[in-house]
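Commentary on secondary and tertiary structure
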Amino acid sequence: MNNKKWKGVFLANPDGFRIRYVFAKGRREQFEEILDMPPQLICQENLEENKDFLRDVQVIIGTWEIPILTSEEIRNYFPNLKLLLYVAGSVQRFARPYLENGVRVASAWGAMSIPVAEFTVGEIIHANKGFYRSLGLYKELSWHDAHWKILQEYPGTYHTKVGILGAGMIGSLVIRMLRQYETEIMVFDPFLSPERAKDLGIERTYSLEEIFSQCQTISNHIANNPQTVGMLNYSLFSLMKDNAAFINTGRGAQVNEDDLIRALTEKPGRCAILDVTWPEPVREDLMGLPNVFCTPHIAGFASDEVLRMPDTILEVLREYLKSGVLCYEVTQEMLATMA
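Here's a quick rundown of the structure.

Parameters at a glance
Residues numbered from 1 in each chain as written. Predicted model: local features only at pLDDT ≥ 70, side-chain atom pairs only at ≥ 80, totals over all residues. Heavy atoms only, no water. Buried < 20%, exposed > 50% of the residue type's maximum accessible area, 1.4 Å probe, protein only. Helix = DSSP H or I, 4+ residues; strand = E, 2+ residues; numbered from the N terminus. Pairing = 2+ DSSP bridges. Phe/Tyr/Trp six-rings, centres within 6.5 Å; stacked < 30°, edge-to-face > 60°. Salt bridge = Lys/Arg side-chain N within 4 Å of Asp/Glu carboxyl O. Right-handed = clockwise from strand over helix to strand, strands pointing away. Arc of directions from axis to C-beta. Contact = heavy atoms within 4.5 Å. Axes fitted to C-alpha atoms, helices over the stretch in contact; angles between N-to-C directions.

Describing the pairing of strand 8 (residues 245–248)
- Going residue by residue along strand 8, you find Ala-245 and Ile-247 tucked away on one face and Phe-246 and Asn-248 tucked away on the opposite face as well.
- Bridge count between strand 7 (residues 217–220) and strand 8: four bridges; the pairing is parallel. Bridging across to strand 8, Ile-218 finds its partner in Phe-246.
- Alignment of strand 8 against strand 9 (residues 271–274), held across four bridges, turns out to be parallel. Residue Ala-245 lies in a different strand from strand 9, and its bridge partner there is Cys-271.

Topic: the packing of aromatic side chains
- In total, this model carries 14 aromatic pairs according to the counting rule given.
- Between Tyr-132 and Phe-293, the aromatic rings sit 5.3 Å apart at their centres with planes inclined by 45°, giving tilted as the arrangement. Of this pair, Tyr-132 sits in helix 7 (residues 131–140) while Phe-293 sits in strand 10 (residues 292–294), placing them 161 residues apart in sequence.
- You can call Tyr-132 buried: its relative accessible area is 10%.
- By the ring-pair criterion, three or more aromatic residues cluster together here, those being Phe-17, Tyr-21, Trp-64 and Phe-301.

Considering the pattern of salt bridges
- Overall, the coordinates contain 17 salt bridges when judged by the stated rule.
- Note that Arg-55 is salt-bridged to Asp-52, the shortest N-O span being 3.4 Å.
- Look at Arg-55 and you get partly exposed, because its relative accessible area is 39%.
- On the accessibility criterion, Asp-52 (58% relative accessible area) is exposed.
- In this structure, Glu-153 engages Arg-133 in a salt bridge whose closest nitrogen and oxygen atoms are separated by 2.9 Å. One end of the pair, Glu-153, is in helix 8 (residues 143–153); the other, Arg-133, is in helix 7, with 20 residues separating them in the sequence.
- On the accessibility criterion, Arg-133 (23% relative accessible area) is partly exposed.
- Each of Glu-257, Asp-258, Arg-283 and Asp-285 takes part in one network of salt bridges that share partners.

Description of the pairing of strand 3 (residues 83–86)
- Residue alternation in strand 3 divides its side chains into two sets, Leu-83 and Leu-85 and Leu-84 and Tyr-86, and both sets are buried.
- In terms of handedness, the path from strand 2 (residues 59–62) via helix 4 (residues 71–77) over to strand 3 forms a crossover that is right-handed.
- Pairing analysis gives four bridges linking strand 3 to strand 4 (residues 104–107), with the strands arranged parallel. Opposite Tyr-86, over in strand 4, you have Ser-107 as the bridge partner.

Structural notes on helix 2 (residues 27–34)
- Those residues of helix 2 lying buried are Arg-27, Arg-28, Phe-31 and Ile-34. On an axial view of helix 2, the arc spanned by its buried residues comes to 120°, and they lie on one face.
- Each element contacted by the buried residues of helix 2 is listed here: strand 1 (8–10), helix 1 (17–22), strand 2 and helix 15 (308–323).

Focus on the environment of Tyr-86
- As for its position among the elements, Tyr-86 is in strand 3.
- A residue is classified by how much of its surface remains accessible, and Tyr-86, at 5% relative accessible area, is buried.
- When the C-alpha positions of Tyr-86 and Ser-107 are compared, they lie 4.6 Å apart, and in sequence the two are 21 residues distant.

Considerations on the sheet that holds strand 7
- Judged by pairing direction, the sheet is parallel, and its six strands sit side by side in the order 6-5-7-8-9-10 without closing on themselves. Both outer strands of the open sheet, strand 6 (184–188) and strand 10, are each paired with one neighbouring strand and no more. Pairwise comparison of adjacent strand axes, ignoring direction, gives a mean angle of 15° for this sheet.
- Helix 6 (residues 109–128) rests against strand 5 (161–165), strand 7, strand 8 and strand 9 of the sheet, and its axis sits at about 160° to strand 7.
- Lying over the sheet, helix 9 (residues 169–178) contacts strand 5 and strand 6, oriented at roughly 160° with respect to strand 5.

Okay, here's the thing in C-alpha cells:
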C-alpha cells in the first residue's frame with residue numbers, strides 16, 4: 001500500500017462520550033499515529049463545515065452510537081471513502097448504505113464475542129445448578145429445605161441438555177467453551193453449513209420445538225434482522241420444562257415478551273435471565289416477575305475489557321494498510337445471518 005498516510009476521521013455523536021470511553025488509555029492516539037486525522041470528531045452536525053477535508057477521507061472509525069448516514073450523505077461528503085472500521089460488534093444498524101457504495105466494512109465482532117460468550121457460559125452453568133431459583137428460595141425457606149429442593153430439582157451441567165439458538169460468532173464460541181463441561185449441546189441454526197457443524201462437533205441441528213421441550217437451559221444468539229423479530233413466542237416458551245431457564249445475551253427483538261411473561265407466570269419454576277430486552281430499559285411488568293433476572297446489557301464489556309475492541313481494529317487497520325487483507329470483514333451477504 002501507499003506509504004503516504006491515509007486520511008481518517010472518528011465519526012461520532014457531538015458529545016464524544018463513546019469515543020472517550022472506547023478509545024481510552026492511548027488508543028485514540030494510536031489511530032492518529034497511523035492515519036492523518038483532524039483533532040475534532042466528525043458528526044452529522046459538522047459534515048458541511050468539514051466538507052473540504054472529508055472529500056479525501058479514506059477511513060472512518062466509529063463505535064457504539066455511530067451516526068447513521070444515508071447513501072446520499074456518504075457519496076456527497078465521503079466520495080473517496082474506502083473503509084469503515086467499527087470498533088464494536090453488530091453493524092446491522094448502519095452498514096448497508098456503506099456497502100451499497102462499495103465501502104468495505106470491518107467490525108470488532110470477533111473481539112466482542114469473547115466477553116459475551118464468557119458471560120453466557122457463566123449464566124448457563126448457574127442456571128443448570130438452580131442458582132437463580134435458589135436466590136428466592138433461600139429467603140423463603142429454611143437453609144435445609146432450600147438446599148435440598150434445589151439439589152433435587154436441578155441437574156447441574158454434566159451431561160445436561162443445553163440449547164444454543166444460532167451458531168454465529170458468539171454462539172459458536174459458547175459451544176466450544178461448553179465442551180469442557182461435558183454438556184449435551186443441541187443447536188438450532190438453519191444456516192449452519194456441514195463443514196462448520198463438523199468443526200464445532202455438531203452431528204445435527206435441531207428444531208426450535210425440540211430444543212425448548214428438551215433442554216434444561218436455552219441461550220439465544222439468533223441473528224437480529226426483520227425476519228427474526230418476535231420469533232421466540234408462546235408456542236415455544238410453553239414447551240419449556242417446569243424448571244428450565246431461558247437466557248438472552250443476544251438481542252431482545254426476537255422475544256415476544258408478552259408470551260414470555262405468560263409462560264413464566266404459568267410455571268413459576270421456569271426462569272428468564274435477560275441481559276438484553278426490546279425495548280431497553282426493560283418493561284416493568286417483565287422486570288417485576290420473581291423468576292426474571294435482568295442485567296443492564298453488560299455482557300459485551302466491563303471496564304477495561306472494552307479495550308480489546310480498539311486493539312483488535314488497530315491490528316486490522318495495520319494489516320490492511322500493509323497487505324490489503326481486511327480481517328473481520330462484513331459483507332452484504334453476511335448481514336442476513338449475523339446478529
